[in-house]
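# Commentary on secondary and tertiary structure
The residues making up each chain are set out below.
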Amino acid sequence: MPTGISGITPTLIRQKIKQRRRRKAEIRNMVHQENGIRQYAVIFLPYLWMLLFFLLPFLIIFKISFSVTEIAIPPYSPLVSFVDGAMQILLHLENYTNIFTDEDGTYLRSYLKSVQVASFSTLFCLIIGYPIAWALATCKNTTRNVMFMLIIMPSWTSFVVRIYAWMTIMKKDGLINDILMALGIIDEPLHMLQTDFAVYVGIVYCYLPYMVLPLFAALMKVDYTLIEAAYDLGCRPIKTFFNSLIPQTKSGIVAGSMLVFIPALGEYVIPELLGGKDSILIGRILWQEFFNNRDWPLASAVAITMLAILAIPIVWFFNAQRKSRERV
Amino acid sequence: MVNLTKEQKSGIAKFVILTAALIFLYLPIATLIVYSFNESKMVTVWTEFSFKWYNALFHNTAIIKAVLLSLSIAVCSAAASVVIGTLAALVMVRIHYFKGESAFVLFMTAPMVLPEVITGLALLLLFVTLGDFIPWFADRGMFAIWVAHVTFCSAYATVVVRSRLVELDISVEEAAKDLGATPFKVFFAVVLPSIMPAEVSAFLLSFTMSMDDLVITSFVAGPESTTLPMIIFSSVRRGLSPEINALATIIILVAATCTFFAWLQVVQKQKRLAQDAAAAAQAAKEERQALLQR
């Protein structure tokens, strides 16, 4: 058995760790006793609110996704019914089999398309947002204040208004086509509205601040002397960037990417207003099933499937959040 | 070829990046504002300067009604969200260990990231179910919209308040407790005054989020309640209209004014801090000199 100079053995370390854990648990118990019932009073209101209006709805969605539509109020079949005095539970799996084995593959295609659009938009936001966050984090204090306000400002205005603004300038006779024609770059107006390109522009435009903010927070904490050191030791800029700056801002990258990816996956307004007939994203499908076809159970099943896709990114996001919290 | 130092090079790079970002962010908004003063009904062809569309806007009763409804929902949701958000932030920062802590954190952050279509559908189905027992939910009017908005706005409020709360020095609270203040008194006399700026920004953020929400509200609202974003969305879907440009310009102006004043506050606070630091440094220097002379 290897023994260190001062007699430190693995068993001793293990014992020490156990002791420390026990002491921590004791302190924790003391804190509990001291605050007693009062702390539960503080926890109570937000916890109850979220249980009632956030967890319970998801259980209900899950339940309704196993029923079928009926012409009734509410428009779905009950799961539990009483037949001849006996309780009967009917779980319909049709909604899920519908989604996965649909003949035209509309649902599967729209899931794939949504994942594709959300991933590429996240990538574009990262590529555009990283330089902006870097410039913000490293510029002079006075400039930073002004720029920070200017970059946040658009997101305080209405979301629909921002999409509407892009509709006006991407039109056939809109500003972008006018400028490109005047410069002689193109001869005919480009067809931009109602294409996937417009959807990407809209998502990047609206979600860019959500990417820039966590990146900016991470870049503010970076130890820039390390980067100077890397330079002085002859490291090339690209290598420095990937070996020093990226690892140091990893939590910001993960948080920003998830803040864009997760909501973008279920985006409804942007593809509806900017996208064409073929940009059928899953948010649009859900909306149509609910509002146009009034098929609540199918809409619920679509939502549950979407949540299943989002499970991994959400867990990833929470771990990144927890890590950054623990470092504070 | 001019030789530039590394600092100059990175300075130019930063200038180019930030200018490009500003053009990308503000070009659409600027176009929107310019065309709101256009006489023509065509949104993209400029004819003559006029306030015609503003006049039309102020005589549109549907829009005025929607604005009033949105404003009242936003004020009520923001107020409730700040209360819930502050409590949740206190729990997350000051009480670390309790059963179901990670579930608590999940509930308080998830409404922020989840796609709105999912949250909207979930809340609607809840309200329909609850409507059988509680008549307030059945008509899906202002009350239901308020509950829905508070649910996602309080997540934002929690984040804002929490980020200020972690910076607070816990020893001040402990001192107050040792001097015999009740937890209630500690909160109102010590904690609340020092997190007041965060409370204000949490209120403003929740207010904006509530004013701006379209998808969740569309799911939850019954046929009688139409909020401002719903009106804008339905008219935008029908086609471009200069009246919406005028409305958008007003929204942008209000947002810009608020952001400007918030920014002014931050700058003044920073200036004050810098002055304090400079004064402290000066005093320390004088003291040291006095000591040396002796």
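Just so it is clear, the structure is predicted and the values come from calculations on it, not from any experiment.

Counting secondary structure elements, chain A contains 13 helices and 2 strands. Principal-axis analysis of the C-alpha atoms places the extent of chain A at approximately 80 × 75 × 45 Å. With 328 residues in all, chain A has 37% of them scored as buried. Counting contacts in chain A only where the partners sit at least 6 residues apart, residues at least 24 apart contribute 71% of the total.

Attention now moves to the overall build of chain B. In terms of helices and strands, chain B carries 12 helices and 0 strands. On C-alpha atoms alone, chain B measures out to a radius of gyration of 25 Å, which is more than a quarter above the 19 Å that the 2.2 N^0.38 rule sets for 294 residues. Within chain B, buried positions represent 38% of all 294 residues. Contacts in chain B between residues at least 24 apart in sequence constitute 78% of all its contacts with a sequence separation of at least 6.

By domain assignment, chain A separates into domain 1 (1-64) and domain 2 (94-327). Computed over C-alpha atoms, the centres of domain 1 of chain A and domain 2 of chain A are 35 Å apart.

Here the focus is the pairing of strand E2 (residues 86-89) of chain A. Residue and element names in this part refer to chain A. Note that strand E1 (residues 80-83) and E2 share 4 bridges and pair antiparallel. Note that in E2 the partner of valine 80 across the bridge is isoleucine 89. The hairpin turn running from E1 into E2, its antiparallel successor, is 2 residues long, and aspartate 84 in that turn takes a positive phi close to 50°.

This part takes up the environment of B:Ser163. Residues and elements named next belong to chain B. Mapped onto the elements, serine 163 comes out in helix H7 (residues 142-165). You can call serine 163 partly exposed: it has 16 C-beta atoms within 10 Å. Each C-alpha atom, one on serine 163 and one on alanine 198, is 8.4 Å from the other, the two residues being 35 residues apart in sequence.

Here we come to unusual backbone geometry. Residues and elements named next belong to chain A. Its identity is not glycine, yet glutamine 194 carries a phi of approximately 60°, on the positive side. Here the phi dihedral of arginine 294 falls at roughly 50°; this positive angle occurs in a residue that is not glycine. Mapped onto the elements of the fold, arginine 294 is located in the loop between helix H12 (282-292) and helix H13 (296-327).

Facing 65 residues of chain B, the contacting portion of chain A comprises 74 residues. Looking at the side of chain B that touches chain A, the elements with two or more residues in it are helix H1 (6-36), helix H3 (61-94), helix H4 (101-113), helix H5 (116-131), H7, helix H9 (183-212), helix H11 (228-238) and helix H12 (242-293) of chain B. Residue classes in the side of chain B that touches chain A are distributed as 54 nonpolar, 7 polar and 4 charged.

Attention now moves to the confidence of the model for chain B. All names here are of chain B. Model confidence for chain B is summarised by a mean pLDDT of 87, while 98% of its residues fall at 70 or above. Least confident of the elements in chain B is helix H6 (residues 135-138), whose mean pLDDT is 78; most confident is helix H10 (residues 215-220), at 94. Across the predicted assembly, pTM comes out at 0.85 and ipTM at 0.86.

Residues and elements named next belong to chain A. For alanine 86, the position within the fold is in strand E2. You can call alanine 86 exposed: it has 7 C-beta atoms within 10 Å. Considered as a pair, alanine 86 and isoleucine 280 are 194 residues apart in the sequence and their alpha carbons are 44 Å apart.

Membership of the largest hydrophobic core comes to 158 residues, with the highest contact counts inside it found for A:Tyr207, A:Leu286, A:Val302, B:Leu121, B:Leu123 and B:Val220. Broken down by element, the residue count for this core peaks at 17 residues, all from helix H7 (residues 196-221) of chain A. Discounting chain neighbours no more than four positions away, the residues touching B:Leu121 are A:Ile61, A:Leu286, A:Phe290, A:Ala299, A:Ser300, A:Ala303 and B:Phe219.

Time to look at the environment of A:Gly283. By secondary structure assignment, the location of A:Gly283 is in helix H12. We classify A:Gly283 as buried; it has 28 C-beta atoms within 10 Å. Sequence separation of A:Gly283 and A:Arg22 is 261 residues, and the distance between their C-alpha atoms is 49 Å. Residues in contact with A:Gly283, not counting those within four places in the same chain, are A:Gly266, A:Glu267, A:Tyr268, B:Pro115 and B:Val117.

Here the focus is the packing of H7(B) against H9(B). For any two helices packed against each other, the geometry is given by the interaxial angle and the distance between the axes. All names here are of chain B. Between H7 and H9, whose axes approach to 9 Å, the crossing angle comes to 155°. Taken together, the axis directions place H7 and H9 in an arrangement best described as roughly antiparallel. The chirality of how H7 crosses H9 is right-handed. Of the residues in H9, those touching H7 at His149, Phe152, Cys153, Tyr156, Ala157, Val160, Val161, Arg164 and Leu165 are Ile195, Ala198, Glu199, Ser201, Ala202, Leu205, Ser206, Met209 and Ser210. Residues that form the contact of H7 with H9 fall into these classes: 12 nonpolar, 4 polar and 2 charged.

Cut-off values and rules
Residues numbered from 1 in each chain as written. Chains lettered and ligands numbered in written order. Predicted model: local features only at pLDDT ≥ 70, side-chain atom pairs only at ≥ 80, totals over all residues. Helix = DSSP H or I, 4+ residues; strand = E, 2+ residues; numbered from the N terminus. Buried ≥ 20, exposed ≤ 12 C-beta atoms within 10 Å, placed from the backbone. Contact = placed C-beta atoms within 7 Å. Rg over C-alpha atoms; globule rule 2.2 N^0.38 Å. Domains from an automatic or database assignment. Pairing = 2+ DSSP bridges. Nonpolar A, V, L, I, M, F, W, Y, C, P; charged D, E, K, R; others polar. pLDDT = per-residue confidence, 0-100. Core = buried A, V, L, I, M, F, W, Y, C linked by C-beta atoms within 7 Å. Axes fitted to C-alpha atoms, helices over the stretch in contact; angles between N-to-C directions. Parallel < 35°, antiparallel > 145°, perpendicular 65-115°, else oblique. Left-handed = near helix turned anticlockwise from the far one by under 90°.

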